[in-house]
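Residues per chain are reported as follows:
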Amino acid sequence: MITVVANLKGGSGKSTVSFNLLAWLVGQGREVKAFDLDPQRTLSDVAQVRKEDGIVPALQVAAVDRPSFDHAAQVEVIIDVGAANLEGMREAIRHADRVIVPVPPSQPDVWATQRFLKIVADARNGTEKTLEIIAFVNRADTHHAVRESDDTEAALQQLPGITVLPLRLYQRTLYRRSMSEGMAVFELWRGSKGADEFEALASALYQ
Ligand SMILES: Nc1ncnc2c1ncn2[C@@H]1O[C@H](COP(=O)(O)OP(=O)(O)OP(=O)(O)O)[C@@H](O)[C@H]1O
Ligand SMILES: [Mg+2]
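All values reported here derive from a predicted model rather than from experimental measurement.

Observations concerning the sheet that holds strand β2 (residues 32-36)
Across the sheet, seven strands lie side by side as β3-β2-β4-β1-β5-β6-β7; this open sheet has parallel pairing. The open sheet terminates on both sides in strands that have one partner only, identified here as β3 (61-63) and β7 (163-170). Shown here is a sheet whose adjacent strand axes are inclined to one another by a mean of 20°, direction ignored. Where strand β6 (residues 132-140) lies against β7, five bridges are found, and the strand directions are parallel. Across the sheet, V137 pairs through a bridge with R168, a residue of β7. Helix α1 (residues 14-27) contacts β1 (2-5), β2, β3, β4 (76-80), β5 (98-103), β6 and β7 of the sheet and is inclined by roughly 160° relative to β4. Across the sheet, helix α5 (residues 148-157) lies against β5, β6 and β7, angled at about 160° from β7, the strand it touches most.

Thoughts on the site of ligand 1
In the vicinity of ligand 1 there are 16 residues, among which K14, T16, R139, Y170 and R176 approach most closely. Separating a nitrogen atom of ligand 1 from a backbone N or O atom of R172 is a distance of 2.9 Å. Of all the secondary-structure elements, those providing two or more residues to the shell around ligand 1 are α1, β6 and α6 (173-180). Top element by residues in the shell around ligand 1 is α1. It accounts for three residues. By residue class, the composition of the shell around ligand 1 is two nonpolar, nine polar and five charged.

Rules used throughout
- Residues numbered from 1 in each chain as written.
- Chains lettered and ligands numbered in written order.
- Predicted model: local features only at pLDDT ≥ 70, side-chain atom pairs only at ≥ 80, totals over all residues.
- Heavy atoms only, no water.
- Pairing = 2+ DSSP bridges.
- Helix = DSSP H or I, 4+ residues; strand = E, 2+ residues; numbered from the N terminus.
- Axes fitted to C-alpha atoms, helices over the stretch in contact; angles between N-to-C directions.
- Contact = heavy atoms within 4.5 Å.
- Near = heavy atom within 4 Å.
- Polar contact = N/O pair within 3.5 Å; in protein donor to acceptor, adjacent residues only side chain to side chain.
- Nonpolar A, V, L, I, M, F, W, Y, C, P; charged D, E, K, R; others polar.

In structure tokens form, the structure reads like this:
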């Protein structure tokens, strides 16, 4: 299955989600091919840090402008994209089975997601294959009195053609700290809230 992790807006958590999903899948013994299409090369850099620190399993990431799709059918493909390479993003989306869209809880992020869906529709123009678009709130506020995550989820549900997961990733230092050490959240701090919420998300996406 070809999964593209994408959104138009910077900092929504595409690379964080891509990296943790990649580590989770490889940890499950799955064969995965990961592509880093973003010239910022965040996914490639974190894989490099992981390699230098000798963390296993090692993660292979292809840093390229355009993805290739010559893999065997059973291979999971994860593609991290960035707005700085829109053509690469479009091509990845054109070939994808699904697009996973992390959305921070704010109105500008909902607007950007709306625009992003137009890019997706454009990229799919002329393709027959069905595409699943799955959005979820990333960087949700851990304080229950803050309503933005609920509002964002409700706004996303109004957008046509997308599935909104009832699962959230919360704003946690663990996401930043683990990335900087080349580790997934569930590797750095197994059993923590962050690890549990991520594993729930990954299981829902790859059940
Ligand atoms: N749930 C979270 N909790 C805390 N920090 C997070 C979370 N998700 C992402 N971050 C942090 O937010 C920043 C941006 O995340 P990330 O690089 O994954 O976003 P991106 O969408 O790939 O950005 P870009 O568009 O620049 O590629 C990083 O510092 C990352 O550690
Ligand atoms: Mg990124």
